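The chain contents come next:
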Amino acid sequence: MKTTRRHFLKVGGALASAFSLAPYFSKAATPATKPLVISTWNFGKAANVEAWKVLSTNGRALDAVELGVHVPEGDPTETSVGLGGLPDRDGRVTLDACIMDEFSNCGSVACLEHIVHPISVARKVMEKTPHVMLVGDGALQFALANGFKKENLLTAESEKAWKEWIKKSEYKPIANIENHDTIGMLALDMKQNLSGACTTSGMAYKMHGRVGDSPIIGAGLFVDNEIGAATSSGLGEEVIRIVGSHLVVELMRQGNSPQQACEIAVKRVVKNQPEKSKSIQVGFLAINKNGEYGAYALQKGFTYALYSNEIPNKVFEANSYYK
Ligand code: SD4
């Protein structure tokens, strides 16, 4: 079966750009499920509700993922994304985000301060500049020039937690499993187009200027509208090392299911870092063009929320390499 698919994709490579891959996918075991939105962690459930409003009214996957991730970005009680995000070790909240559409357009911001919705700045980078990525001050200047408001993102609670942390100032580049909570969201719309978004305040108490996987196209997020889309959460350095989301999509291109692709990518992390992988978290989420999905993580506890016609918004726990 795998060989056949691979063969099809190899032989059909040149044809793929000219013709839709729909006949290939319609032969898959699962009937097409669309629209569909899937996102990382428990807070993905509330985010999915907003995304679904767009998808269920025949909207574009790109709009769905942007509006979906606005929910945790704007929620001051979520300490890992947007407003209320835990700061770096200097007490500065610096945000990373990226977005990618069905035409392989993409935009990204990294180490952006003072803007509640970095995902929308990333979209503006995609749509209004000849570039893919803006960082730091340049990203902030661009945001302000495009009408975004400058705000204080450090809430009293996050400031308090940071001041507690300062007492010991224990800087561990290997962050523990709990302080990783990026939202990565993937959507398939009624026109069978894919898009994705990924946004985070990154590792808590990181070095100022540290950028994780989340805003890096191919690492924290990748979309190929002929094949599928993937996103990641967890220790960004390990995801960057394997260009994780791109790897997952390419594995699907080779005929693997989204589940198989996520598992192979996680095993690659283990192979790279056999010892370190025991104490860190990395998780991948993927969907293909047919609406099949998969998720897998190093450690237990990686949850994701799925919203489709068949499953109206439910949180699941992914299987993990370490039990
Ligand atoms: C990072 N991958 O900055 C992000 C953090 C994360 O769930 O995923 N949290 O490394």
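Keep in mind it's a predicted model, so treat the numbers as computed, not measured. (Residues numbered from 1 in each chain as written. Predicted model: local features only at pLDDT ≥ 70, side-chain atom pairs only at ≥ 80, totals over all residues. Heavy atoms only, no water.)

Asker: How would you sum up helix H7 (residues 156-168)? Please name residues and give values.
Answerer: An α-helical segment advances 3.6 residues per turn. Residues three or four places apart therefore align on the same side. Within the span of H7, buried status applies to Ser158, Trp162 and Trp165. Projected down its long axis, H7 carries its buried residues within an arc of 60 degrees, all on one side. Summarising the geometry of H7, the exposed residues directed more than 90 degrees from the buried face are Ala156, Glu157, Lys160 and Lys167. Immediately downstream of H7, the backbone of Ser169 shows phi near 45 degrees, a positive value. (Buried < 20%, exposed > 50% of the residue type's maximum accessible area, 1.4 Å probe, protein only. Helix = DSSP H or I, 4+ residues; strand = E, 2+ residues; numbered from the N terminus. Arc of directions from axis to C-beta.)

Asker: Describe the state of the cysteines, and please don't skip the residues or the numbers.
Answerer: When the sulfur atoms of two cysteines share a covalent bond, that bond is a disulfide. Throughout the structure, instances matching the rule amount to zero disulfides. As a non-bridged cysteine, Cys98 has Cys198 as the owner of its nearest cysteine sulfur, 5.4 Å distant. Note on Cys98: relative accessible area 0%, which makes it buried. (Disulfide = S-S within 2.5 Å.)

Asker: Requested: an account of the packing of aromatic side chains, with residues and values cited.
Answerer: In total, this model carries six aromatic pairs according to the counting rule given. Ring plane angle 5 degrees and centroid distance 4.3 Å describe the contact between Trp52 and Tyr307, whose orientation is recorded as stacked. With Trp52 in helix H3 (residues 44-55) and Tyr307 in strand E11 (residues 303-308), this residue pair connects regions lying 255 residues apart in the sequence. Per residue, the accessibility class of Trp52 equals that of Tyr307, and both read buried. Geometrically, the ring pair formed by Tyr304 and Phe316 is stacked, given 5.6 Å between the ring centres and 25 degrees between the ring planes. (Phe/Tyr/Trp six-rings, centres within 6.5 Å; stacked < 30°, edge-to-face > 60°.)

Asker: Let's hear about a nonpolar patch on the surface: which residues, and what values?
Answerer: On the surface, Val132, Met133 and Val135 cluster together to form a nonpolar patch covering roughly 230 Å² of accessible area. Along the chain, Val132 falls in the loop between helix H5 (118-128) and strand E4 (133-135). We classify Val132 as partly exposed; its relative accessible area is 38%. (Patch = residues over 30% accessible without salt bridge, like charges linked within 9 Å, V, L, I, M, F, W, Y side chains within 5 Å. Areas by Shrake-Rupley, 256 points an atom, 1.4 Å probe, with all protein chains shown as cover. Salt bridge = Lys/Arg side-chain N within 4 Å of Asp/Glu carboxyl O.)

Asker: Provide a residue-level description of the pairing of strand E6 (residues 194-200), including the pertinent values.
Answerer: Here E6 lies mainly inside the structure; seven of its seven residues are buried. On E6, burial covers both faces: Leu194, Gly196, Cys198 and Thr200 on one face and Ser195, Ala197 and Thr199 on the other are all buried. Where strand E2 (residues 95-100) and E6 come together, five bridges link them in antiparallel fashion. Looking at the pairing, Cys98 lines up with Cys198 of E6. (Pairing = 2+ DSSP bridges.)

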